[in-house]
Every structure is written in structure tokens, then in C-alpha cells.
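One-letter residues, chain by chain:
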Amino acid sequence: MTAIAQPAWAPGLAHRIRWGVSDTLTLTRRSLLVWLRVPAYLMFTVIQPVMFVLLFRYVFGGAIPVDVPGGYVNFLLPGIIAQTAAFATFGTAIVLAQELKKGVIDRLKSMPIARSAVLTGRLVADTGRMLITILIIIGVGYLVGFRFLNGFGPAVAMVVLATVFGVSFACIAAYTGLAIGDEESVQAFGMIWLFPLTFVSSAFVPIQTMPGWLQAFANHQPVTYVVNTMRALALGGPIGDNLWKSVAWLAGIFVVFVPLAVRAYRRAS
Amino acid sequence: MAYVNGVGEQPAIFVEGLTKSFGEVRALRGIDLSVPRGTVLGVLGPNGAGKTTAVRILTTLLLPDGGRAMVEGHDVVREAAVVRRSIGLAGQSAAIQEELTGRENLEIIGRLYHLRRPETRSRADELLEQFGLADAADRTAKTYSGGMQRRLDLAASLVGRPRVLFLDEPTTGLDPRARLGMWDVIRSLAAEGTTLLLTTQYLDEADELADEIVVIDHGLVIAAGTAEELKNRIGGDVIEFTVPDRSRIPDAVRAIALIGEGEPHADQETGVVGVGVGGRGSDALIEAVRGLDAAGVVTRGLALRRPSLDDVFMALTGHAAEEEQQNGRRRGARGRRRAGDKETARTAS
């Protein structure tokens, strides 16, 4: 009965943190490698938002009167960036559902790795992906006339806010991906919640142009608060309630969906 | 079932009274298993019998409702983290990253086992070589055949040098050639002394690979023993032949009725006629040939064969191993496979 007398393997906290970080980075590297390896992923994540920039700037933009310095292109860019960050989470949900189906998650869960690493690795990789896309959109924005009007610091703050917003949505997506567990359903469900949230907001058009009942929704949902804050950071102008309401929303999303995602991961089979 | 055997050695896998339900469905209704170190246990059963549930509990992926399960002396619930350090799992599909190369797949697993970089590399090379993937090591796994992907998956489960390996239907979905390749690999692992628990719905697979077999059905162990012991249970040899002219089947049945231990059975559709002859193998065979000749019945492929595990399953459960689908519905008696064809047929010459 020697094996029973052996003490259970219980490394110290410092050790566990180091391994948690190491496992997370290994899985992050894996995800980014996959992303770089598949040209189609790369194209879609980059070209689709660029298309949106051009579409709204040159096709719809002329018909949308806005009251911001620099005109519609300046109004548009923060909105497109928020939308891109939100849509990037399609990938989070779909990949997790795929890995669940293929047994990749079972394999990882049966290994002696940090329990948190699969989710954190996925989120870190997706954050990196999101950040690269955001920077590309800003670059394209500059080519079609967008300008930051409020200095470097607030511009950086805008990018940070967009990224934190994207990560909060990625937590929702991770939950849906693991809880639903089927690629096609996850994709369809993504459409249902992401489209209304991003389009019925201040991202592309001034909310005052919508009918009253829709304004009620648009005015009180997180994407609007986040986009308004981003716009104020990028272009100057009053931030008002938008910042703390954004922070409250994002904090709320994390508080609700991180535990849900972790629970879905534990139960996932 | 004793946890420690007479010699004081503890089994690599020990399961006692394990139960698990999913809502109304009782997937496991109290199963017992004991797998000595370095042996191969074949867990045989139809779809939905509870095989995968048992493997998922033993690999810490699922919590049982009741009973206990130990791997290498550690409880899979209370000491899950310790158990994970000594097990490997290869499931029903290839849990690999198709976009990455074979080598990259194995190296990532190595990094997750906290092997040092040079060690990670050499372990990956070693496994790629062992599994016949060295030439394909730097191609993305997407370009691999189904058999190669499953071998890579199996290799991935071995990176951490597990002492106990769980293979959940390792050949399901593979073509016959890839299946044989997988069998070779599994045999070599067993020869190296890895304890193996292998689930399968293929009777010939359990027969080929396992030292001991447990048959489970509807969440219960309904039989256990070596393949030989299980076959003996249904009582000796079988004489079987085909009657090409279906109208002569009744004559054939009459001709052999006296030599058999039981009632002959005949399949009108395929023309296959058979009868159990107990231990009187060759004598019965000669009598059968004489009887059929006297009756003027033309036969094809007259043979004396050992009962296959398929016959065993039929005798134990009253239904063939692969009739039943995941949802528990019966598909009827036509899906019955001849698993024993290739092995023990001794033709009368």
C-alpha cells in the first residue's frame, strides 16, 4: 500500500502560479500559431473590419449627418473598433465549441495542467488578436481621413477601453461556446446577441435618428456607453456619465460571466 | 473484490460499485473492475453501455454519483490532481490541432507537462518515430490520413509517460488497415508494461488485445474473464456451413439434427446453417459430412469453428453487440457482425 501512504502532490502557491502562467502562455502560443497558420482566419479577422470602415466611410457615411469635429469618419472609427472587438469573440466561442467536440478540452482536462489555463490561454490569445486588428483599423482609418484629436494618452486609453470591452464580451462568448458546445449553433447564437448590441447603439449612427422605443434600448446598453467614452477619448469633448457607466457594465459582465464560463468549462463534456 | 490481492500488490485500476446517472438515464449501475499492473483490460459493450462514462470518471473528467475509483492507488475524486499525473487518455476522436504539424502538437503537450525544451524535442521525435510519423512530422496534421491522426493522438497521450493509459474506442471510424496499424501500436505499448484500459465495441479487438475482458451492458458488468473463458461459457465448438440452394435448408437441418448438442439454427436469407457440437469437434464434423452427403445436400464452406465473442455476447445479452444505438433503440437482428470469421475457423478438408 505504499502508494497510498505517499503524500498527495501539493506544490506551493508560488509554484502553482508559475505553472499557471507557463501553461497559459503555452496555450496562448498554440492558439496564435493556429491563427497565423490559417490564412483564411487572418484574412477574415483583418479584411472584414477594413471593409466595414470603407463601406461606412464612403457608402453610408455621406447620408449620416453627425455633429463631431472632423465629420463622419471620426464618428465612425471608435464605433467600428468597438464592433470589431465584439465580433472577434465569435472566434472565441466557435473555437471553444470545436475543441470541446474534438475532445481537445477533454485531453487538456485529463492532464496535470493549471485548471485555469485553457480559458485564460484562449482569452489572452484572443486579446492579442483583437489588439492587432484594432491597430490595423486605426491605420486604415488614418488613410481615409480619421484623426485622433485629443492627444496620445487618451488615444491609448481608448484602445485599452476597447480591448477590455472586447475581453468582457469574450467571456460571454466563452460561456456560450462551452455551454452550447456545437459550432453551428454557437455561430447562430452569436449573431443573435452581437448584432443588436453593436448595431442598435451609437457605434454607427447618432441614436437620435432611431425611433423612440429603439432609443430606449440603445441609450442604456453597454456598447453605447463604451463607444461614447471611446469617442470622447479620441476626439475630446465631455465624457459625462459614459465612463463610469461603461466601467459598471463591464465589471458586471465580468462578475456574471467569468464564473459562468469557468463553471461551463468544468462541466463541459 | 479485494483491493489488494494475496501478494499484497495493489491493482493499477480499481473500481468498486461505481454509479453515475444523467437525469433519468442510469449510465453506470454499480460496476466493479480491477486491473493488475502491466495488463490490458478490454471493456466491451455496445454503444451506450456506459463504457465512455466509466473512462471519463477514471480520467477525472466526470464525478461519479457513488462508489469509488482508484488509479495507481489514488482516488479519482479526492486526489484528481495526483491521478492526472499518472494517466494518459486517447478518446474516440483525434484530439489534435489539425492546423499544427505533428511535431508542434507533441511539443505543446510536452511543454504542458513542463518538460524542458530539449527534452520536449527529443520526446516528440521519439514518439513520432515510434508511431511511424517521422516522415510526416513537419506536415500539418490536416494532411494526415485518419489512421495517422489517431496515431498522433495516441502519441500525444503518451508524452507524459503515463503508467496507466485509457483508450476509449481507439479504432472507431478507422478503415480495416488503419485498425490493424493501431493494434500493432497498442500491442507494443502493452509489451512495454503500460497498464491499459481499452474500450471497444469490436469483439475481435478485445479478443486480439486484451488479457482480460469485461462485458458491460446497460451500466452493469455482465461477464468477466479471458476471451477463452468467455467463449467456453457458451459451450464448445460450432459447425457451420452455407447451403447455396435455399430450398434444401430443411434437409440440411434434418441431416445434422442428431449430431448437435442443441437445435441447429438456419438463416433463410444467407443460407447459413450452424449447430453447437460441444467438445466433440472433429468426430461431429465427420458425422456432419457423412450426413449431408447421404442427404445429397450441396454445402459451401463447411467448417468447425471456435465460438466468437459475438456468439458470447449474443448468449449473454440476448442481443448482438452492435444492434443497439446510443439512444437505446434496437435496430433489429440484421446488423450482426461476424467478428470471429478470420480467427479460429478450421476448415474440413
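Coordinates for the structure precede this section.
Being a predicted model, the structure only gives us computed values, none of them experimental.

A. Inspection of the overall build of chain B at higher detail. Secondary structure assignment for chain B yields 11 helices and 15 strands. A total of 349 residues make up chain B; the buried ones form 48% of that total. Residue pairs in contact within chain B that sit at least 24 positions apart in sequence constitute 68% of those at least 6 positions apart.

B. Highlighting the interface of chain B and chain A. Contacts between the two partners involve 30 residues from chain B and, on the opposite side, 25 residues from chain A. Mapped by element, the contributors of at least two residues to the side of chain B that touches chain A are helix H2 (80-84), strand S6 (87-90) and helix H3 (102-112) of chain B. For the side of chain B that touches chain A, the element with the highest residue contribution is H3 of chain B, accounting for 4 residues.

C. Quick peek at helix H4 (residues 117-130) of chain B. All names here are of chain B. Between its first and last C-alpha, H4 extends 20 Å over 14 residues, near the 20 Å set by a 1.5 Å rise per residue. Within the sequence span of H4, burial applies to Thr 120, Arg 123, Ala 124, Leu 127 and Leu 128. End-on, the buried residues of H4 take up no more than an arc of 130 degrees, which puts them together on one face. Exposed and facing more than 90 degrees away from the buried side of H4 are Pro 118 and Glu 119. Lining the buried residues of H4 we find H3 and helix H5 (146-158). Just past H4, the residue Gly 132 takes up positive phi, approximately 65 degrees.

D. Spatial organisation of the sheet that holds strand S4 (residues 66-71) of chain B. Residues and elements named next belong to chain B. If you trace the 4 strands from one edge of the open sheet to the other, you get S2-S1-S4-S5, paired in antiparallel fashion. Looking at the sheet topology across the chains shown, the edges are occupied by strand S2 (25-35) and strand S5 (74-75). Sheet topology note: the strand S1 (residues 13-22)/S2 ladder contains 8 bridges and is antiparallel. Following the sheet pairing, Lys 20 is matched in S2 by Leu 28.

E. Region of interest: the pairing of strand S8 (residues 195-200) of chain B. All names here are of chain B. Within S8, 6 of the 6 residues are buried, which leaves it mostly tucked inside the rest of the structure. Note: strand S3 (residues 40-44) against S8, 5 bridges, orientation parallel. Following the sheet pairing, Val 43 is matched in S8 by Thr 199. Strand direction decides the pairing type here: strand S7 (residues 164-168) and S8, joined by 5 bridges, are parallel. Residue pairing in the sheet places Leu 167 in a bridge with Leu 198 of S8.

F. Structural detail: the nonpolar core. Core analysis: the biggest nonpolar cluster contains 145 residues, and Ala 82, Ala 174 and Met 230 of chain A together with Ile 13 of chain B have the highest contact counts within it. Ranked by the residues each element gives to this core, the list is headed by helix H8 (residues 152-180) of chain A, at 15 residues. Ala 82 of chain A has contacts with Ala 162, Phe 165, Ala 203, Val 223, Val 226, Val 227 and Met 230 of chain A, leaving out every residue within four places of it along the chain.

G. Spatial organisation of the sheet that holds strand S9 (residues 212-217) of chain B. Residues and elements named next belong to chain B. The sheet built from 6 strands is open, its strands ordered S6-S7-S8-S3-S9-S10 with mixed pairing. Both outer strands of the open sheet, S6 and strand S10 (220-225), are each paired with one neighbouring strand and no more. With direction set aside, neighbouring strand axes in the sheet form an average angle of 15 degrees. The strands touched by helix H1 (residues 51-58) within the sheet are S3, S7, S8 and S9, with S7 carrying the most contacts at an inclination of about 150 degrees.

H. Just the packing of helix H9 (residues 249-257) of chain B against helix H10 (residues 281-295) of chain B, in detail. Residue and element names in this part refer to chain B. In contact at an axis separation of 8 Å, H9 and H10 are set at 140 degrees when each is read in the N-to-C sense. With respect to their mutual orientation, H9 and H10 come out oblique. Once H9 is placed against H10, the crossing between them reads as right-handed. Residues Asp 251, Ala 252, Ala 255 and Ile 256 of H9 touch H10, and the partners they reach there are Ala 288, Gly 291, Leu 292 and Ala 295.

I. Representation of the environment of Ile 87 of chain B in the model. One can find Ile 87 of chain B in strand S6. The class for Ile 87 of chain B is buried, based on 27 C-beta atoms found within 10 Å. Measuring from C-alpha to C-alpha, the distance between Ile 87 of chain B and Gly 50 of chain B comes to 20 Å, with 37 residues separating the pair along the chain. With residues near it in sequence (within four places) discarded, Ile 87 of chain B still touches Ser 110 of chain A together with Thr 59, Val 71, Pro 162, Val 164 and Phe 166 of chain B.

Rules and cut-offs
- Residues numbered from 1 in each chain as written.
- Chains lettered and ligands numbered in written order.
- Predicted model: local features only at pLDDT ≥ 70, side-chain atom pairs only at ≥ 80, totals over all residues.
- Helix = DSSP H or I, 4+ residues; strand = E, 2+ residues; numbered from the N terminus.
- Buried ≥ 20, exposed ≤ 12 C-beta atoms within 10 Å, placed from the backbone.
- Contact = placed C-beta atoms within 7 Å.
- Expected span 1.5 Å × (residues − 1).
- Arc of directions from axis to C-beta.
- Pairing = 2+ DSSP bridges.
- Core = buried A, V, L, I, M, F, W, Y, C linked by C-beta atoms within 7 Å.
- Axes fitted to C-alpha atoms, helices over the stretch in contact; angles between N-to-C directions.
- Parallel < 35°, antiparallel > 145°, perpendicular 65-115°, else oblique.
- Left-handed = near helix turned anticlockwise from the far one by under 90°.

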